[in-house]
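# Observations on the three-dimensional arrangement
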Amino acid sequence: MSDVENLDIELLRTFIAVADSHTFSKAGIRLGRTQGAVSQQMQRLETMVGTALFEKEGRTKRLTQHGQQLLSYARDLLLLNDDALRSLKDSRFSGVLRIGSPHDVADTLLPPLLSQIARWAPSLNIELDVGRSPFLMEALHRGEVDMTISTRFDPQLEGVLLRTSPTVWICSAQYQHRPHSPLPLILADYPSIFRRVAIEALDAAQVRWSPAYTTSNLLGIKAAVKARLGVTARSIELLDSDMRVLGESDGLPRLPDTQFYLWIRPGTSQTLVKQAFELVASGFRNT
C-alpha cells in the first residue's frame, strides 16, 4: 500500500484564498467561512505537507519559501480540478463560439484562453477573428463575435481585465537613434490607441517627431521596425529578439500601460457564451 498522501483540493482552495488575501479573516469572508475554520484548515494542510506555509508579518500572513513553492502547484491543481468537473458536467455543450483577438496577443493571451475552453467543451467549434481592437469591438456590438480580447475599455459591456502590459518605444536592434533629430514614427492608421498615446506623449514632452511609415495592421508595423524605418509605440508583446526598447535615457517619454480586456457581446442570453466567458475570467483570476 502506498505511503503517498493526497492533497485535499478544498484545503488548497483555502490556501490560495489566504495567499491572495494575506489574512485568514479576509480569506474566510471570500470563502464564506469563519476565521477559525480557515485557521484549522491551514493547520491541517501544514501537517499534511510537514512544513510551515505561513509566517506572520504584522497583521498579515506571508508565505514561507515552502508556501511559495506549494502555491504554484496549488493553482495548477485547482485549475485542472475545476476544468475536469466543468468538462464532465458541461460536455453537452456544442455549437459555435466566435472569439476575437488583436494581433498583439494572438501568441500570448489567446492560446491559454483557447486551451481552457477546449478542455471545458471539447466538442465546441471555435471560430477566430484576429484583427484590430476597434474593429473587433464594433463586431462585438453588432453580434458578429461572442467575445473578444481588446485594448478598448467599454463601460457598457460585461468584461474582465486579463493583463496589464508595459507600453514601450520599440525599434530594430540595429536602429541608430538620433536624439537631436525628429523621431521617425511608425504608426498604425486611425483609429489606434497606440498612435494616440505615442503622439500625445511626444507632444507633451516637446519631442519633435515625423511620420515615417503608416500601416493598417501589425504585420506592417513589424516589417517597418525590422527594416529600421523608425520607432513605434506598442505593448511589450511586440518585442522580438531582433528588436530593442528605447526609454527615458534616450530622450523619450514614458508611456501609459496597455490593458487587455475580455468583453462579452451585449445582451447575450446564451448559456454557452456566458459560461465560456465565466470559465476564462475565473482562469485568469487564478493565475
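### Focus: the overall build of the protein
Per the secondary structure count, the protein includes 9 helices and 12 strands. If you line up the protein on its principal axes, its C-alpha atoms span 70 × 50 × 40 Å. Long-range contacts, defined here as pairs at least 24 residues apart, represent 74% of the contacts in the protein between residues at least 6 apart. In the form shown here, the protein has an accessible surface area of approximately 15,200 Å², with 49% of it arising from carbon and sulfur atoms. Averaged over its 32 positive side-chain charges, the protein has a centre that lies 3 Å from the centre of its 31 negative ones.

### Structural notes on the sheet that holds strand β11 (residues 243-246)
With antiparallel pairing, the 3 strands of this open sheet are ordered in space as β10-β7-β11. In the strand order of this sheet, the two ends are held by β10 (232-235) and β11, each with one partner. Averaged over all pairs of adjacent strands, the angle between their axes in this sheet comes to 50 degrees, without regard to strand direction. Taken together, the 4 bridges between strand β7 (residues 167-172) and β10 define a ladder with antiparallel strand orientation. Considered in β10, the bridge of Ile170 is made with Thr232. Contacts from helix α7 (residues 193-204) reach β7 and β10 within the one sheet, and its direction differs from that of β10 by about 125 degrees.

### Some remarks on the packing of helix α1 (residues 9-21) against helix α3 (residues 35-49)
Where α1 contacts α3, the axes come no closer than 10 Å and their chain directions differ by 115 degrees. Classed by the angle they form, the pair α1 and α3 counts as roughly perpendicular. Every pair of crossing elements has a handedness; the one defined by α1 and α3 is left-handed. Facing Glu10, Leu11, Leu12, Thr14, Phe15 and Val18 of α1, the residues of α3 in contact are Val38, Gln41, Met42, Arg44, Leu45 and Met48. Tallied by class, the residues present in the contact of α1 with α3 amount to 8 nonpolar, 2 polar and 2 charged.

### Description of the confidence of the model for the protein
For the protein, per-residue confidence averages 88 on the pLDDT scale, and residues scoring 70 or more make up 93% of the total. Confidence scores differ between elements of the protein, with helix α9 (residues 271-285) showing the lowest mean pLDDT of 77 and β7 the highest of 97.

### Digging into the nonpolar core
Ranked by internal contacts, the top residues of the largest apolar core, which has 25 residues, are Leu97, Leu113, Ile117, Ile149 and Leu262. Of all the elements in the fold, those that place two or more residues in this core are β3 (95-102), α5 (110-120), β5 (147-150), β6 (158-165), β12 (258-264) and α9. Per-element accounting of this core gives the leading share, 8 residues, to α9. Val18, Ala19, Met42 and Leu45 belong to the second largest nonpolar core, which has 19 residues in total.

### With respect to the environment of Ser25
With respect to the helices, strands and loops of the structure, Ser25 is situated in helix α2 (residues 24-31). Residue classification places Ser25 among the partly exposed residues on the basis of a relative accessible area of 34%. Taking the C-alpha atoms as reference points, Ser25 and Thr60, separated by 35 residues in sequence, lie 9.8 Å from one another.

### Remarks on the packing of aromatic side chains
Throughout the structure, instances matching the rule amount to 5 aromatic pairs. Between Phe153 and Tyr261, the aromatic rings sit 5.5 Å apart at their centres with planes inclined by 55 degrees, giving tilted as the arrangement. Of this pair, Phe153 sits in the loop between β5 and β6 while Tyr261 sits in strand β12, and the two are 108 residues apart along the sequence. An aromatic cluster of at least three residues, connected via ring pairs, comprises Phe15, Phe24 and Phe54. Positioned over the ring face of Tyr190 is Arg195, at 4.1 Å from the centre of the ring.

About the cut-offs
- Per chain, residue numbering runs from 1 following the sequence as it is written.
- Thresholds applied to this predicted model are a pLDDT of at least 70 for local features of residues and 80 or more for the giving and counting of side-chain atom pairs; totals over whole chains, interfaces and linings are not thresholded and use all residues.
- Calculation of side-chain values draws on the structure's entire complement of heavy atoms; hydrogens and water are dropped beforehand.
- Strands here are runs of E lasting at least two residues and helices are runs of H or I lasting at least four, both read from the DSSP assignment and numbered beginning at the N terminus.
- Contacts are residue-level and defined by heavy atoms, with any inter-residue pair within 4.5 Å sufficient.
- Every accessible area reported is derived by Shrake-Rupley at a probe size of 1.4 Å, with residue values counting cover from the shown protein chains alone.
- Positive charges are assigned to Lys and Arg, negative charges to Asp and Glu, while His and the chain termini are left out of the count.
- Here the site of a charge means atom NZ of a Lys, CZ of an Arg, CG of an Asp or CD of a Glu.
- Being paired, for any two strands, means DSSP has found at least two bridges between them.
- Inter-axis angles, ranging from 0 to 180 degrees, are taken between N-to-C directions of lines fitted to C-alpha atoms, where helices are fitted over the stretch in contact.
- By the definition adopted for this analysis, an angle is roughly parallel if under 35 degrees, roughly antiparallel if over 145, roughly perpendicular if from 65 to 115, and oblique otherwise.
- It is the rotation of the near helix from the far one that decides the hand of a crossing: anticlockwise by less than a right angle makes it left-handed, clockwise makes it right-handed.
- We call Asp, Glu, Lys and Arg charged. Ala, Val, Leu, Ile, Met, Phe, Trp, Tyr, Cys and Pro are nonpolar, and the rest, Gly among them, are polar.
- Known as pLDDT, the predictor's confidence for each residue is given on a scale from 0 to 100.
- Buried Ala, Val, Leu, Ile, Met, Phe, Trp, Tyr and Cys residues form a nonpolar core when they are joined through side-chain atoms within 4.5 Å.
- To sort residues, take the accessible area from a 1.4 Å probe on protein chains only and compare it with the maximum for the residue type: under 20% means buried, over 50% means exposed, and anything in between is partly exposed.
- Ring geometry is summarised as follows: Phe, Tyr and Trp rings, the Trp one being its six-membered ring, pair when their centres sit within 6.5 Å, and such pairs are stacked at plane angles under 30 degrees, edge-to-face over 60 and tilted between the two.
- We call a charge positioned above a ring when the Lys NZ or Arg CZ atom is no farther than 6 Å from the ring centre and deviates by at most 35 degrees from the ring normal.

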